[in-house]
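Secondary and tertiary structure notes
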Amino acid sequence: MEEKKRYEEKEMTLVEHLEELRKRIFIVVGALILFFVVGFIFVQDLYRWLIADLDVKLTILGPTDILWVYVMLAGVFAITMTIPVFVWQLWMFVKPALTPRERKVTLSYIPATFLLFVLGLCFGYFVVLPMVFHFLMSLGEDLFATMFTTEKYFRFILNMTIPFAILFELPIIVMFLTSIGLINPYALQKVRKYAYFVLVIIAVTITPPDFISDFLVTIPLLLLYEVSISISKFVYKRKEKQMKQQASSE
């Protein structure tokens with residue numbers, strides 16, 4: 001009888017967790033839809049800002065191209081603005097399982113995640129995109145009649161920005177994985193040369209085939225990895241210190 005009661009209590013707890021998870025998902029989806037609507041309202045202003053420095057006029061091949069660009073711009077805006085909401089809801093979901101100290105520390109992930117994502121977008125748009133764009137244009141100078149379709153141009157922008165926005169989340173991901181014990185700074189140091197190789201390949205792949213462009217993109221990515229190792233060391237040592245204090249108090 002007691003086992004049945006314990007099972008029912010456990011089952012209720014699981015149901016409550018699932019209800020809480022569903023609630024958090026609904027909030028995130030609602031925020032995403034809301035920001036998408038806001039982005040769609042101001043999409044023309046965003047479009048004009050993105051093409052302000054473009055020397056050529058973009059063309060479309062059909063009516064659906066216009067809709068695709070609007071949806072894409074509004075979607076990127078919505079995803080960017082929803083990131084803090086998503087991280088906040090994730091934190092609220094795991095909050096009961098955290099100690100007061102862990103809650104305070106992990107709360108700082110929310111603004112950091114958003115800022116790093118935006119920083120990655122800005123790095124891709126203001127640093128990488130101009131280099132790649134001017135290099136590619138120089139290849140066809142005086143050889144081709146230049147005509148950009150709106151869809152292809154904005155796909156090009158996405159390819160030059162979104163990967164960096166994701167890569168710039170590396171320090172936060174490393175901090176979180178270290179805090180829950182999945183990785184440690186010594187493992188990151190051990191695979192450093194392989195990580196460097198992967199980051200160099202990424203930099204060379206997405207930049208023009210010249211040394212300056214490769215260098216300007218590779219260095220920030222390598223620094224990002226080193227920052228991640230330093231953050232992992234800080235979190236790991238603090239975690240070890242807390243465990244020793246708890247052991248001594250017992």
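Conventions we followed
Residues numbered from 1 in each chain as written. Predicted model: local features only at pLDDT ≥ 70, side-chain atom pairs only at ≥ 80, totals over all residues. Heavy atoms only, no water. Helix = DSSP H or I, 4+ residues; strand = E, 2+ residues; numbered from the N terminus. Rg over C-alpha atoms; globule rule 2.2 N^0.38 Å. Buried < 20%, exposed > 50% of the residue type's maximum accessible area, 1.4 Å probe, protein only. Contact = heavy atoms within 4.5 Å. Areas by Shrake-Rupley, 256 points an atom, 1.4 Å probe, with all protein chains shown as cover. Lys, Arg positive; Asp, Glu negative; His and termini not counted. Charge placed at Lys NZ, Arg CZ, Asp CG, Glu CD. UniProt positions renumbered as here; feature names shortened; annotations may be inferred. Phe/Tyr/Trp six-rings, centres within 6.5 Å; stacked < 30°, edge-to-face > 60°.

A few points about the overall build of the protein
What the protein contains, in helices and strands, is 10 helices and 0 strands. From first element to last, N terminus to C terminus, the protein shows the α and β order α-α-α-α-α-α-α-α-α-α. Its C-alpha atoms give the protein a radius of gyration of 23 Å, clearly above 18 Å, the size a compact globule of 250 residues would have. In the protein, buried positions account for 32% of the 250 residues. Put simply, of all contacts in the protein between residues at least 6 apart along the chain, 83% involve residues at least 24 apart. When the accessible surface of the protein is totalled, it reaches about 16500 Å², and 70% of it is carbon and sulfur. Computed over 24 positive and 22 negative side-chain charges, the separation of the two mean positions in the protein equals 10 Å.

Observations concerning the UniProt feature "transmembrane region" (unreviewed entry) in the protein
UniProt marks residues 25–47, 67–91, 112–136, 156–182, 194–212 and 218–236 with the feature "transmembrane region" (unreviewed entry), using the numbering shown here. Within the segment residues 67–91, helix and strand shares are 100% and 0% respectively, and the terminal C-alpha atoms sit 35 Å apart. For the annotated span residues 156–182, helix accounts for 81% and strand for 0% of the residues, and the straight-line distance between the end C-alpha atoms is 36 Å.

Here we look at the packing of aromatic side chains
When we look at a pair of aromatic rings, we describe it by the centre distance and by the angle of the planes. Evaluation of the coordinates by the stated rule reveals 16 aromatic pairs. Taken together, a centroid distance of 5.6 Å and an interplanar angle of 35 degrees make the contact between Phe123 and Phe168 tilted. Taken together, the residues Phe123 in helix H5 (residues 109–139) and Phe168 in the loop between helix H6 (150–167) and helix H7 (170–179) connect sequence positions 45 residues apart. Here Tyr125 and Phe126 contribute two aromatic rings whose centre-to-centre distance is 5.0 Å and whose plane-to-plane angle is 90 degrees, an arrangement assigned as edge-to-face. By relative accessible area, which is 16% here, Tyr125 ends up buried. Exposure remark for Phe126: the relative accessible area of 51% places this residue in the exposed category. Members of the aromatic cluster, each reached through a chain of ring pairs, are Tyr47, Phe133, Phe148, Tyr153, Phe154 and Phe156.

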